Each structure stands twice: as structure tokens, then as C-alpha cells.
Amino acid sequence: STAQVLQGKKVVITAGPTREELDPVRYISNHSSGKMGYAIAQAAVAAGAQVELVSGPVTLPVPAGCAIHRTVSAQQMHAQVMHSVKDADIFIATAAVADYRPKQVAAQKIKKNNDELTLTFVKNPDILNDVANLPDAPFTVGFAAESENVEAYARKKLASKKLAMIAANDISQPGLGFNSDRNALHVIWNGGDKKLPTGSKMMLAEALISLIAEQYNKS
Ligand code: PMT
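Residues numbered from 1 in each chain as written. Predicted model: local features only at pLDDT ≥ 70, side-chain atom pairs only at ≥ 80, totals over all residues.

Going by an unreviewed UniProt entry, the protein chain carries the name Coenzyme A biosynthesis bifunctional protein CoaBC and comes from Alteromonas ponticola.

Here's what the structure looks like:
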């Protein structure tokens with residue numbers, strides 16, 4: 001049995017992709033399956049936490065004991081998270097949130113009348129940044145999905161977004177990261193770091209929750 005290292009703590013976790021609508025039949029999204037975030041939610045429940053999972057559209061079963069909030073777009077996920085984190089102790093941002101959304105959502109299906117189609121995008125709110133900068137911010141853990149200079153970019157995000165911890169994954173590694181069952185993480189915080197070698201997302205989630213509990217209980 002897992003030690004109850006997060007007994008009584010409220011943990012909010014984002015998982016999965018977002019979908020950004022273009023017209024009534026099309027959207028822009030990414031390859032996130034939700035597996036990493038759902039595994040973290042399951043590990044947090046096993047550690048005794050009260051867990052709220054804010055999930056983009058995925059087809060995974062919800063881990064027993066988690067409250068689920070289903071969202072579609074980045075703006076919806078942002079609104080739900082800002083509500084859910086009000087009394088949270090820990091926030092973990094595992095979702096692959098679209099950085100941009102189409103500036104206009106066409107009311108009718110876009111027709112193929114031209115040889116070229118140009119879309120304009122506008123920036124989405126940054127959920128992780130907005131939570132980390134709340135006056136009474138929870139212990140905030142970000143993810144970094146990078147294809148090069150993984151550690152340097154992760155350290156930059158840790159500092160610039162004022163995070164307590166960041167878990168970096170190298171998405172250039174075949175078979176790891178988006179949509180696979182396995183991953184590898186380099187977890188970095190102010191004052192230390194730990195490499196969690198390749199393993200199942202469930203094993204990594206348990207190791208990550210242990211590290212979070214250790215640092216949270218020191219903070
Ligand atoms: O879902 P899986 O198939 O299991 O795959 C897992 C994963 C690869 C998606 C996951 O391990 C991961 O790396 N998640 C973060 C993906 C990502 O979008 O990273 P990023 O470097 O673009 O974003 C950095 C951080 O900011 C992330 O914590 C992200 O959740 C957060 N963010 C980003 C943009 C935004 N508008 N709001 C955010 O909260």
C-alpha cells in the first residue's frame with residue numbers, strides 16, 4: 001500500500017489536449033491522450049489526496065475516487081481551473097493546452113473556394129502561468145514538452161512562470177511522451193533535480209507524486 005503522503009490535501013490536475021474550433025465541423029488539436037495526467041491523478045488518490053481532474057476530450061476511464069470536470073477548449077479549461085484551484089494545495093499542469101486559437105470561428109462550414117486558405121490565430125490564456133501567479137498560489141507543478149535543449153528550456157519555464165517544480169519530457173524520443181504508454185521525466189525544482197528514467201506512465205506518476213509530496217511538505 002502507498003504511504004498517504006498527501007492525506008487530506010486538495011490536488012487539481014489538468015490532462016489531455018484542448019480543441020480549438022474553426023467552424024461547426026473542424027478543430028485544431030494535438031496528440032495528447034491524457035494518459036500521463038490520468039496516471040498522476042490515480043497516484044495522487046493513492047497518496048490520500050482529494051483530486052479534481054480537469055480534462056480535455058479523451059476516452060480514458062476516470063480513476064476511481066477522482067472528481068472530473070470535462071472541458072474542450074483552452075478557454076473552458078482555464079475557467080474551470082481558476083475556479084477549482086481556489087482552495088487547492090497543489091496544482092499539476094499535465095494538459096497539452098493549445099497556445100493559440102483561431103481568431104474567428106466561422107458560423108458555417110468553411111468552403112473550398114480558394115487554392116489557399118489563411119487563418120489568423122490569437123493567444124490563449126496560459127493556465128499554468130495564471131495559477132502560479134495567484135496571490136495565494138498553490139504549490140504549482142508544470143510540465144515542459146520540448147524537442148531540443150530540454151533542460152535549459154525547462155529551467156527557463158521554472159523561473160519565468162514562478163513554478164515550484166517542473167517535469168520535462170523530451171518529446172523527440174521515439175515511443176515516449178505524447179500518446180504512448182511510456183515516458184521519461186527530468187524533474188527540476190529550486191535547489192534540486194531528479195531524472196526519472198524511462199518507464200510506464202503509472203510508475204512515473206507514482207515517483208512524481210512522491211517528489212511533489214517531499215518538496216510540498218518542505219515548503
Ligand atoms: O497526454 P499524454 O498522451 O499522456 O502525453 C503526455 C504529455 C506529453 C502531453 C505530457 O507529459 C506533457 O508534456 N504535457 C505538457 C504539454 C505541453 O503542452 O507542454 P508546453 O511546454 O507547451 O507547456 C508548458 C506547461 O504550460 C504545461 O504544464 C502546460 O500544461 C502549461 N500550459 C501551456 C499553455 C497554456 N495555454 N496553458 C498551460 O497551462
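Alright, that's what it looks like, and here's the rest.
Draft legend 1. Examining the overall build of the protein chain more closely. Helix and strand counts for the protein chain come out as 5 helices and 12 strands. Relative to a compact globule of 219 residues, whose C-alpha radius of gyration would be 17 Å, the protein chain shows 18 Å and is just as compact. Counting only C-alpha atoms, the protein chain reaches 60 × 35 × 35 Å along its principal axes. (Helix = DSSP H or I, 4+ residues; strand = E, 2+ residues; numbered from the N terminus. Rg over C-alpha atoms; globule rule 2.2 N^0.38 Å.)

Draft legend 2. Summary view of the environment of Val11. Residue position: Val11 is located in strand S1 (residues 10-15). Its 29 C-beta neighbours within 10 Å are what place Val11 among the buried residues. Residues within four places of Val11 in sequence aside, it is in contact with Leu6, Ala44, Ala49, Val51, Ala88, Asp89, Ile90 and Ile92. (Buried ≥ 20, exposed ≤ 12 C-beta atoms within 10 Å, placed from the backbone. Contact = placed C-beta atoms within 7 Å.)

Draft legend 3. The arrangement of the UniProt feature "binding site: CTP" (unreviewed entry) in the protein chain in detail. When the UniProt feature table is mapped onto this chain, "binding site: CTP" (unreviewed entry) is found at Asp99, Lys109, Pro125, Asp126, Ile127, Leu128, Phe143, Lys157 and Lys161. For this annotated set, covering 63 residues, the C-alpha atoms extend up to 38.1 Å from each other, a dispersed arrangement in space. Turning to its location among the elements, Phe143 is positioned in strand S9 (residues 139-146). Ignoring any residue separated from it by four or fewer positions in sequence, one finds Phe143 in contact with Ala93, Thr94, Ala167 and Asn169. The residue Lys161 is located in the loop between helix H4 (150-160) and strand S10 (165-170) in this model. Setting aside anything within four residues of it in sequence, one finds Lys161 in contact with Leu128, Asn129, Ala132 and Gly142. (UniProt positions renumbered as here; feature names shortened; annotations may be inferred.)

Draft legend 4. Structural view of the sheet that holds S9. Across the sheet, 8 strands lie side by side as S5-S4-S1-S6-S9-S10-S11-S12; this open sheet has mixed pairing. Strands at the two margins of the open sheet, each flanked by one partner only, are strand S5 (66-70) and strand S12 (192-200). Looking at each pair of strands side by side, their axes are set apart by 15° on average, direction ignored. When strand S11 (residues 182-189) meets S12, the two strands line up antiparallel, connected through 7 bridges. Its bridge partner lying in S12, Arg182 is registered against Ser200. Contacts from helix H1 (residues 35-46) reach S1, strand S4 (50-55), S5, strand S6 (90-93) and S11, with the element oriented near 165° to S1. Contacting S1, S4 and S5, helix H2 (residues 74-84) crosses the sheet at an angle of about 165° to S4. (Pairing = 2+ DSSP bridges. Axes fitted to C-alpha atoms, helices over the stretch in contact; angles between N-to-C directions.)

Draft legend 5. Examining the site of the ligand more closely. Around the ligand, the structure places 26 residues, and the nearest of them are Ser33, Met36, Ala93, Ile127 and Leu128. Where the shell around the ligand is concerned, the elements lending two or more residues are H1, helix H3 (127-132) and S9. Here the element with the most residues in the shell around the ligand is S9; it accounts for 4 residues. A per-class count over the shell around the ligand returns 12 nonpolar, 11 polar and 3 charged. (Near = placed C-beta within 6 Å. Nonpolar A, V, L, I, M, F, W, Y, C, P; charged D, E, K, R; others polar.)

Draft legend 6. Representation of the nonpolar core in the model. In this structure, Val11, Ile13, Ile40, Ala44 and Leu208 are the most contacted members of the largest nonpolar core, which totals 59 residues. When residues of this core are assigned to their parent elements, the largest contribution, 9 residues, is made by H1. With sequence-adjacent residues up to four places away left out, Ile13 is seen in contact with Gly37, Ile40, Ala41, Ala44, Val51, Leu53, Ile92 and Thr94. (Core = buried A, V, L, I, M, F, W, Y, C linked by C-beta atoms within 7 Å.)

Draft legend 7. Here's a closer look at the pairing of S1. With 5 of its 6 residues buried, S1 lies for the most part within the structure. In this structure, S1 lies alongside S6, joined through 4 bridges in parallel fashion. Counted as the bridge partner of Ile13 is Ile92 from S6.

Draft legend 8. Geometry of the confidence of the model for the protein chain. Scored by pLDDT, the protein chain comes out at a mean of 96, with 99% of its residues at no less than 70. As scored by the predictor, the complex reaches a pTM of 0.97 and an ipTM of 0.99. (pLDDT = per-residue confidence, 0-100.)

Draft legend 9. Structural detail: unusual backbone geometry. With phi around 45°, Asn149 is a residue other than glycine that occupies positive phi space. Tracing the backbone through its elements, the reader meets Asn149 in the loop between S9 and H4.

Draft legend 10. A look at H2. Inspection of H2 places Ala74, Met77, His78, Val81 and Ser84 among the buried residues, and these make up the whole buried set. When H2 is viewed along its axis, its buried side chains cluster within an angular range of 135° and face the same direction. Contacts from the buried residues of H2 go to S1, strand S2 (20-23), S4, S5, strand S7 (100-102) and H3. (Arc of directions from axis to C-beta.)

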